[in-house]
Amino acid sequence: SRVSFEEESQKQPAVGHWKPLMPSQGSKEELETGCQDAGGVGETQSTEQLNMSRLRSSSVEIREKGSEFLRDELHKAQKELKLKDKECERLSKVREQLEQELEELTASLFEEAHKMVREANTKQAVAEKQLREARGKIDMLQAEVTALKTLVITSTPSSPNRELHPQLQSPSKAGFRKGHGRNKSTSSAVVCAASQSLAPEPVTRECREVDSILFAEFQAWKESPTLDKSCSFLDRIYREDVGPCLDFTKQELSELVRVAVEQNTLTIEPVASQTLPVVKVAAEECGGPKKCALSGLPRTCKHRIMLGDSGNYYYISPSCRARITAVCNFFTYIRYIQQGLVRQDVELMYWEVMRLRREMSLAKLGFYPSEM
């Protein structure tokens, strides 16, 4: 209305014209119209401002709610992730534990299998050794039975065998023969040793006297019999009898023979009753039917030896066989004493040991029966 009034005042004449103080009807209507227009614009503007403020408050509220929802979802996701990490860690530990237990179980199974194989091999070796020893004892017993049968057959009333009738011998001879007679080697030499006793020996008087030093050493050994050569009894016999008796030209082979005799793994067999084996070592080391492997001299070899389970045969002359047989007989007898198989007085056992020592002494000097 103020604007319309100013416009009207500008249209009035400058001088001489009077403007009525009261506005006309048309002006009043225009004024009311202008007032109404101005009020409508103001109301529209206030409505728009109110709507804008409402929109702004709504958007802020929505933004806050959205942020809070996202934070809640993020917390939930983090919690679930932590739970999954813990589950993964637990499963990893379980897997590692199972793998470790599997490795330990596999190792224990392999170890148990190897242990069973070793025990089986050991038992097999022991069984094979016992089988060989049993066969050797059977052969020895069969040879002794054959020899005893021969002795019984050759004994007649007109020509009695003095081995079966000790009362026909001299007292010293009878006392010497009394007692244990199983003193032959487990090798095939027992057959020849038994055959030597077939011929009756002439009755001879033999004077003997116990050596106090040797008898004391034997008594000390008899209290605790052993095959350890560190004791004074066996040490003397090794130095004086066994060592020289098994001292051949071929030193290396002689040492192997000595070890085999000590371990009771030496085998002697006739050449004629066996086929020729496949020689695994040099021919000059094994010898031949016309060459002795121990002495290296050209001799007729009727026997051959095998050391343990090597499969190698060595041809030996009769003299070398007699020396080896004498040593085997000595070791067989002291093994019988150690095992408690000899039931005699100490003095009788002592004289039997002295007799075996005499056989070794004669054999090392070159004396042997013609049957060898």
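Quantities reported herein were computed from a predicted structural model and do not represent experimental measurements.

J.: Mind laying out the pattern of salt bridges, listing which residues take part and the relevant values?
T.: Evaluation of the coordinates by the stated rule reveals 14 salt bridges. Residues Arg 236 and Glu 240 are paired through a salt bridge, measuring 3.4 Å at the closest nitrogen-oxygen approach. Of this pair, Arg 236 and Glu 240 are both found in helix α6 (residues 232-245), four residues apart, which corresponds to roughly one turn of the helix. Arg 258 is the partner of Glu 262 in a salt bridge, and the nearest nitrogen-oxygen pair spans 2.5 Å. With a gap of four residues between them, Glu 262 and Arg 258 both fall in helix α7 (residues 251-262), about one helical turn apart. Taking relative accessible area as the criterion, Arg 258 reaches 17% and is therefore assigned buried.

J.: Residues and numbers for the packing of α7 against helix α9 (residues 318-338), please.
T.: Contact pair α7 / α9: the axes reach a minimum separation of 10 Å and the direction vectors enclose 30 degrees. The angle between α7 and α9 falls in the class roughly parallel. Crossing angle aside, the handedness with which α7 passes α9 is right-handed. Here Val 257, Val 261 and Glu 262 of α7 lie close against α9, whose contacting residues are Ile 324, Val 327, Cys 328, Phe 331 and Arg 335. The residue inventory of the contact of α7 with α9, partitioned by class, reads six nonpolar, no polar and two charged.

J.: I'd like a description of the sheet that holds strand β1 (residues 266-270), backed by residues and values.
T.: Read from one edge to the other, the open sheet built from three strands follows the order β1-β2-β3, with strand pairing classed as antiparallel. The open sheet terminates on both sides in strands that have one partner only, identified here as β1 and β3 (313-316). Mean inter-strand twist for the sheet, computed between neighbouring axes without regard to direction, equals 30 degrees. Of the pairings in the sheet, the one linking β1 to strand β2 (residues 303-307) comprises five bridges and is antiparallel in character. Bridge pairing in β2 places Thr 267 opposite Met 306. Sitting on the sheet, α7 touches β1, β2 and β3, and the angle it makes with β2 is about 75 degrees. The strands touched by α9 within the sheet are β1, β2 and β3, with β1 carrying the most contacts at an inclination of about 135 degrees.

J.: Talk me through unusual backbone geometry; I want residue IDs and the actual numbers.
T.: Phi is positive for Asn 264, which is not a glycine, with a value near 60 degrees. Note that Asn 264 resides in the loop between α7 and β1.

J.: Give a description of a negative patch on the surface that names residues and reports values.
T.: Judged by side-chain charge, Glu 64, Glu 68, Asp 72, Glu 73 and Glu 80 come together as a negatively charged surface patch. What makes Asp 72 partly exposed here is its relative accessible area of 39%.

J.: Provide a residue-level description of the confidence of the model for the protein chain, including the pertinent values.
T.: Averaged over the protein chain, the pLDDT score is 77; the fraction of residues at 70 or greater is 69%. When the criterion is pLDDT under 50, residues 164-201 qualifies, and its contacts beyond four places in sequence or with other chains add up to 80 contacts. The low-confidence segment residues 274-283, where pLDDT is below 50, has 13 contacts with residues more than four positions distant or belonging to other chains.

J.: Can you lay out α6 for me, pointing to particular residues and giving the numbers?
T.: The first and last C-alpha atoms of α6 sit 19 Å apart over 14 residues, in line with the 20 Å expected at 1.5 Å per residue. The largest bend in α6 is about 50 degrees, located at Tyr 238. Considered for burial, the residues of α6 that qualify are Phe 233, Leu 234, Arg 236, Ile 237, Tyr 238, Asp 241, Val 242 and Cys 245. Buried residues belonging to α6 abut α5 (212-223), α7, α9 and α10 (346-364).

J.: Before we move on, can you summarise the packing of aromatic side chains with the specific residues and values?
T.: Applying the stated criterion across every chain, the model contains eight aromatic pairs. With a centroid separation of 5.2 Å and an interplanar angle of 90 degrees, the aromatic rings of Phe 215 and Tyr 350 are classed as edge-to-face. Here Phe 215 is found in helix α5, whereas its partner Tyr 350 is found in helix α10, with 135 residues between them in sequence. Considering the side-chain rings of Phe 218 and Tyr 350, the 6.1 Å spacing of their centres and the 55 degrees angle between planes classify their relative orientation as tilted. Taken together, the residues span a long stretch of sequence, with Phe 218 in helix α5 and Tyr 350 in helix α10 at a distance of 132 residues. By relative accessible area, Phe 218 is classed as buried at 0%. Of the residues examined, Tyr 350 reaches a relative accessible area of 2% and is grouped as buried. Following the ring pairs from residue to residue traces out a cluster consisting of Phe 215, Phe 218, Trp 221, Phe 233, Tyr 350 and Trp 351. Note that Arg 208 overlies the ring of Trp 351, its terminal NZ or CZ placed 4.7 Å from the centroid.

J.: Can you explain a positive patch on the surface? Please cite residues and give values.
T.: Positive charge collects at one region of the surface, where Lys 76, Lys 79, Lys 82 and Lys 86 lie side by side. Inspection of the secondary structure assignment puts Lys 79 in helix α2 (residues 25-154). For Lys 79, a relative accessible area of 59% gives the class exposed.

J.: An account of the nonpolar core is needed here, citing residue identities and associated values.
T.: Within the largest apolar cluster, 50 residues are counted, with the highest numbers of intra-cluster contacts made by Val 242, Leu 266, Leu 294, Ile 305, Ile 324 and Phe 330. Of all the secondary structure elements, the ones that give two or more residues to this core are α5, α6, α7, β1, β2, β3, α9 and α10. Among the elements that line this core, the one with the most residues is α9, at 11 residues.

Reading guide: rules and limits
- Residues numbered from 1 in each chain as written.
- Predicted model: local features only at pLDDT ≥ 70, side-chain atom pairs only at ≥ 80, totals over all residues.
- Heavy atoms only, no water.
- Salt bridge = Lys/Arg side-chain N within 4 Å of Asp/Glu carboxyl O.
- Helix = DSSP H or I, 4+ residues; strand = E, 2+ residues; numbered from the N terminus.
- Buried < 20%, exposed > 50% of the residue type's maximum accessible area, 1.4 Å probe, protein only.
- Axes fitted to C-alpha atoms, helices over the stretch in contact; angles between N-to-C directions.
- Parallel < 35°, antiparallel > 145°, perpendicular 65-115°, else oblique.
- Left-handed = near helix turned anticlockwise from the far one by under 90°.
- Contact = heavy atoms within 4.5 Å.
- Nonpolar A, V, L, I, M, F, W, Y, C, P; charged D, E, K, R; others polar.
- Pairing = 2+ DSSP bridges.
- Patch = residues over 30% accessible without salt bridge, like charges linked within 9 Å, V, L, I, M, F, W, Y side chains within 5 Å.
- Areas by Shrake-Rupley, 256 points an atom, 1.4 Å probe, with all protein chains shown as cover.
- Lys, Arg positive; Asp, Glu negative; His and termini not counted.
- Charge placed at Lys NZ, Arg CZ, Asp CG, Glu CD.
- pLDDT = per-residue confidence, 0-100.
- Expected span 1.5 Å × (residues − 1).
- Bend = angle between axes of the 7 residues up to and from the residue.
- Phe/Tyr/Trp six-rings, centres within 6.5 Å; stacked < 30°, edge-to-face > 60°.
- Lys NZ or Arg CZ within 6 Å of the ring centre and 35° of its normal.
- Core = buried A, V, L, I, M, F, W, Y, C linked by side-chain atoms within 4.5 Å.

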